[in-house]
Amino acid sequence: MDAPTAVAFTPKTRRFVMRYPALVGMPALLIAFMAVTVIIHPDYGSFDFQSLAMGAMPLAFAAAAQTVVVVAGGIDLSIGSVMAVMNVLAASTMEEATFGQSLLLSLAILVAGALVGAINGFIVVFSRVPDVVVTLTTGFVWGGVALLILEKPGGGAPDDFLALGQGTLFTDWLPTALILVIIAVAVIWIPVKRTRLGLLLYAIGSDRIAAFRSGVNVERTRFVSYVVGGLFSAVGGLGLTMTTGIGSPLAGVYYTLSGVAAVVIGGVSLAGGRGGIVGPVIAAYVLTLIPTDLIFLNIDPNFGQVIQGTLIVFVVMIGGLVAVLRARK
Amino acid sequence: MSELSSILEVRDVAKRFESVVALKAANLSIKPGEIHALMGANGAGKSTLVKILTGVYAHDGGTITVRGQTKAFRSPAEARAGGIVSVYQDPALVPDLTIGQNLRLAKVAPAAVSTWLKQLGIDGIDLGAFVRDMPFPILRLIDLARALSSDPAILLLDEITAALPADLSERVFAVTKLWRERGHSVIFISHRMAEVSALCDRTTVLRDGMTVGVTETARGSEEKIVSLMLGRDVAKAQTAAQRHESVGSQTTSDAPAALEVRDLHCGLVLNGVSFTLRAGEVLGVAALEGQGQEELFDCIAGVRHHDSGAILVEGRELKLSHPGDAIREGLVLVPANRLQALLPQRSIRENVGLPAFRRKDRWGPIAMGAERGRVESAVKRLQIDTRAESELRRLSGGNQQKVVIARWVANGFKTLLCFDPTRGIDIGTKHQIYGLMRELAAAGSSVLLFTSELPEIPLACDRAIVLFGGKIVHELAASEADEGTLLRAAHGLVAQEGAH
Amino acid sequence: MSTAAPRTRLIPGGGFGSLLRSQTVVVLIALLILFVVGIEIGRPGTVNSVWVSNMILFAAPLGIIAAGQTLVMLTGGIDLSVSAIATASAYIMATHSEGGAVWAVLAGLAVGAVVGFVNGIGIALLRVQPLVMTLGTGLMTQGILIVYSQKMLSHGPRVPEFIIALGSSKILGGIPVDLLLWAPLAAVMILGLRYTGFGRLLYAVGDNRGACELAGVRVSQVLLTNYVLCGLFAAAAGLVVVGGTGTADMTLADVYLLPSVAAVIIGGTSIFGGRGNYSGSIVGALILTVLNSLLTLLDAPEPIRQILYGAIILILATAYTRLTD
């Protein structure tokens, strides 16, 4: 998807840009970041690009999982813990497995992810407790489950399985990790987006009461949003296993918060109903580039977290400022 | 009438919300091919009955029979499948979806909706446009067209004309009649007696959660409906009206100016409005929908910024950047939508007391005794029903409206800016509110009153101005402000001949 | 998160739900007593004055963080930066202890005020959703603290004696010292919410922000002040926590984030704002502390305790919400 040049600004493209600013803005932001990276580190090579693709893969799935839930007007603060559960589940069961078995186990883990998402969704809908509180708490519980499965980092997976996420295809500049993200997001999201389900998710995210009055089963749709989110989290957990080679029960925290960061930066409204999945996924790559650039610049990579936090704060504050100024006019 | 001749039969339906009884025994019988009005004062239980019929609430007692089958709808979708579709007061369209997507959401064919929209006088609508970018009256008509396309046996119209300009209302009536000709039924809810008597075949009246009467609607039946709706309150309402008779005719042209507006501009909607409101005067504002009246009130109340022109109090030009600035000058607003001004989960006392804490120096300890005194006297003065005082959302619409006004009575003001304070309110409460305005004016305060119901202007006001296209096109004394004159001026017709 | 789900069914009148709604604190105290009785039955002899005094000692920091959380949740907000603030406050205090204890404490509290102020700017003036704003500032605070701690390696954190006394000792035969901080704060909270203009405004803003503006209230001032207060409460709680552990590290107060929200929810304050009070949050904090002690007595491994703790919070919150909704 190329960014349209300023010359060919027909009304149709303008409408497209106005409606989906993230589809234009996010690739531009990523290209800008890549350019900066190459400038400060002229030796940037295919190996660096591959490690970017690998490093960002789990976060890209965390962002996708969060997007589905947020678009439907919810929030899921348990995504990181769910990814950790799937990660340790994979690493502890695949350690002695053959490549074929590991693929079957991956399928089982996808089912487990959907199931965990279903549990989250069921509690949110049934309890009527606000989703923030529910998922904050279930995140704590899933964190316990991850520790129960694997007390400390360990386990493993067959080399062929790891190669799925660590290799390249055709050229050194096409990491399999990147292909996996594109395929998985497309396979899960396109059927959702193109069917009635996508319409329902956006509808309840935009205005639950109007959707209810239009005949939408709001509770069932909310439930489904968490199931789809759980599915993405499971892919994320598998991605984590592929790229790190082990299971780590405490990997969770990072992906919950950074996933929200990616969603915010990727132009999805936390109020629900607006935004797509491409923006947050690209934002995951931008967020992964930041600490890399800091290392290239010989700056303490711990600043990465400062910058990530600052970035969230700035993005939402500027968004707020624009809205406030527009309202004042 | 035999049972079989009715398509919908509601028998002794009851509904309680915790300790509050919303419906005791509602009865309603709808025949095929009729437009049936459902009327009642605020708090009579109309909205509860509507929500039960459309599956939003479950009823506790009684039976609902549709075409001979007992039904209990659990959601609007089930009600739709059962042949009952409602058009709510606020459109049931999802803002972040396009119109086409909204139609798909409700599973109706765009072609059918377009046909109905054409009937309603709207041609060539852009299905790809987002709902959030569309004007409110159009959304209402889309909502209506969508409801009609699902071909319901019973169409429920809840205050559909409340925010519609007159020409669009007329088209809605025409389509409603067409619907009747096709042998379908309509339940029509409105507070506007003129609409009801012109459109409806029969009327069911609810009072205090019970059906108190069913009457054929014909010319002259208005009185009967009103007395059914009011019950014992008729006497009270009349005294309020009479009280007005005795004070209303006083002229106040020599009184000092309480508020002066000079050449006010705001966006494209206010194009140079000037008038003077005198102390002790009730000045009426008449206008069709969207002629700048909302912006006028908002600018004076500090809710919106004006582009040019001036607002003066006691000869001083005001700089209003927040409602707090206007309140400090004694300009207080009663907004069109009372829910905008209220705290639904808090008590009457906290709602009435709220403006007292607007300044930082009042963030400290509250003088509880003094506050209680102030609040109680305001509540008494407005005769607010305090049975459900602990949570404002449990009050009826009329009582909620009174709380908004009581807030300013308790906190003190100089000029009350009342925007359609009687929208959706029953006649008894209306008379009380207008009576109060006369009292306030007699005590030296002034009132700027916009009402969408033109016959009320001569009842409540001393003088009236008519807005059209963001300008004042006519100014007249209350005695000349009959409905016909106002209506013609509001359409921009008498600007020249009337003003002399 | 402002739209409540359309309520298709309503709980029929009366019964336990309305009792819980009108007498939240009484019902919660009954639940607390039930937990205590459970402990005594499970391990006879556990419950005595020392145990009670320990429970209060452990509950105080949670109770103080929950005070701030109550304030922001009453306005319909949430503060997910409280744990980062508490940790940073404790660490900054400890690394400044050589310059004098008073300065150290002030430096710690200043962290709370500054982060709270940033939260307030975003939420009150720029209308950012509290959830994202505080998530972002929490991340930022944590990150800055990590960078700061690596610069401070030369002189490691040292917690002053009187902070240790505040966080871990008892006087007069069993009164925990931190109660001397918590009790007055609690009194100010409870009375302040009821009998001051600011308290009234918090409920009002939480119930309908627009209505407050129309009534002339400058809501952004109220919210800004409120988030600063919440930051200060969190910072104060951080000092008590570090007094209890004796050493400051990067994850010191992380465990308090979930309980601070849970205590308020269980205590009957609506996350959508406009309803609730601090006495409920106090009992909520006590219940969660006793629950923790109950799970410790079970001798179960850490993951199991974590799962049970979360599950019980969910059950309590569900029961409360479904019964009173």
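Up top is the structure these notes are about.
Caption draft 1: Inspection of the overall build of chain B at higher detail. Summing up its helical and strand segments, chain B has 18 helices and 20 strands in all. Buried residues in chain B amount to 49% of all 500 residues. Of the contacts formed within chain B by residues at least 6 apart in sequence, a portion of 70% connects residues at least 24 apart.

Caption draft 2: Spotlight on the interface of chain B and chain C. Taken together, the contact between chain B and chain C spans 34 residues of the former and 27 residues of the latter. For the side of chain B that touches chain C, the elements supplying multiple residues, two or more each, are strand 1 (8-17) and helix 11 (323-328) of chain B. Sort the elements by how many residues they give to the side of chain B that touches chain C and helix 11 of chain B lands first, with three residues. Its residues assigned to classes, the side of chain B that touches chain C shows 19 nonpolar, seven polar and eight charged.

Caption draft 3: Just the sheet that holds strand 13 (residues 282-286) of chain B, in detail. Residues and elements named next belong to chain B. Overall, mixed pairing links the six strands, which are arranged 16-17-18-13-19-20 in an open sheet. The sheet is open, and its two borders are formed by strand 16 (331-334) and strand 20 (471-477), each paired with just one other strand. Neighbour-to-neighbour, the strand axes of this sheet turn through a mean angle of 20°, independent of strand direction. Sheet topology places strand 13 next to strand 19 (residues 463-468); four bridges connect them, and they run parallel.

Caption draft 4: Here's a closer look at the environment of glutamate 151 of chain A. Mapped onto the elements of the fold, glutamate 151 of chain A is located in the loop between helix 6 (131-149) and helix 7 (159-166). Between the C-alpha atoms of glutamate 151 of chain A and glycine 247 of chain A, which are 96 residues apart in sequence, the distance is 9.9 Å.

Caption draft 5: Seen up close, the packing of helix 4 (residues 79-94) of chain A against helix 12 (residues 252-265) of chain A. Residue and element names in this part refer to chain A. Relative orientation of the contacting elements helix 4 and helix 12 amounts to 140°, with a least axis distance of 6 Å. Comparing the axis directions of helix 4 and helix 12 gives the class oblique. The way helix 4 lies across helix 12 gives a crossing that is right-handed. Contact with helix 4, carried on its side by Ile79, Gly80, Ser81, Met83 and Ala84, involves Gly252, Val253, Tyr254, Tyr255, Thr256 and Gly259 of helix 12 and no other residues of that element. Here the residues of the contact of helix 4 with helix 12 are counted per class, giving six nonpolar, five polar and no charged.

Caption draft 6: The arrangement of the interface of chain A and chain C in detail. The partner chain C presents 43 residues to the 43 residues of chain A that form the contact. Among the secondary structure elements, those contributing two or more residues to the side of chain A that touches chain C are helix 5 (99-127), helix 6, helix 10 (208-213), helix 12 and helix 14 (303-328) of chain A. Considering each element in turn, the side of chain A that touches chain C owes the most residues, 14 residues, to helix 14 of chain A.

Caption draft 7: A look at unusual backbone geometry. Residues and elements named next belong to chain B. Here aspartate 263, not a glycine, exhibits a phi torsion of approximately 50°, which is positive. Of note, glutamine 383 is a non-glycine position whose phi angle comes to about 50°, a positive value. Residue position: glutamine 383 is located in the loop between helix 13 (368-381) and helix 14 (397-411). Residue glutamine 383 is classed as partly exposed on the basis of its 15 C-beta neighbours within 10 Å.

Caption draft 8: How the structure looks around the environment of glycine 38 of chain C. Residue position: glycine 38 of chain C is located in helix 2 (residues 24-42). In this structure glycine 38 of chain C comes out as partly exposed when scored by C-beta crowding, with 14 C-beta atoms within 10 Å.

Caption draft 9: Looking closely at the sheet that holds strand 15 (residues 316-317) of chain B. Residues and elements named next belong to chain B. Overall, antiparallel pairing links the four strands, which are arranged 12-11-14-15 in an open sheet. The open sheet terminates on both sides in strands that have one partner only, identified here as strand 12 (270-278) and strand 15. Here strand 11 (residues 257-266) pairs with strand 14 (residues 308-313) via four bridges, running antiparallel. Among the inter-strand pairings, glutamate 260 is bridged to a residue of strand 14, identified as leucine 312. Against the sheet, helix 10 (residues 293-300) contacts strand 11, strand 12 and strand 14, and its axis sits at roughly 120° relative to strand 11.

Rules used in this analysis
Residues numbered from 1 in each chain as written. Chains lettered and ligands numbered in written order. Predicted model: local features only at pLDDT ≥ 70, side-chain atom pairs only at ≥ 80, totals over all residues. Helix = DSSP H or I, 4+ residues; strand = E, 2+ residues; numbered from the N terminus. Buried ≥ 20, exposed ≤ 12 C-beta atoms within 10 Å, placed from the backbone. Contact = placed C-beta atoms within 7 Å. Nonpolar A, V, L, I, M, F, W, Y, C, P; charged D, E, K, R; others polar. Pairing = 2+ DSSP bridges. Axes fitted to C-alpha atoms, helices over the stretch in contact; angles between N-to-C directions. Parallel < 35°, antiparallel > 145°, perpendicular 65-115°, else oblique. Left-handed = near helix turned anticlockwise from the far one by under 90°.

Geometric values such as these leave the question of function open.
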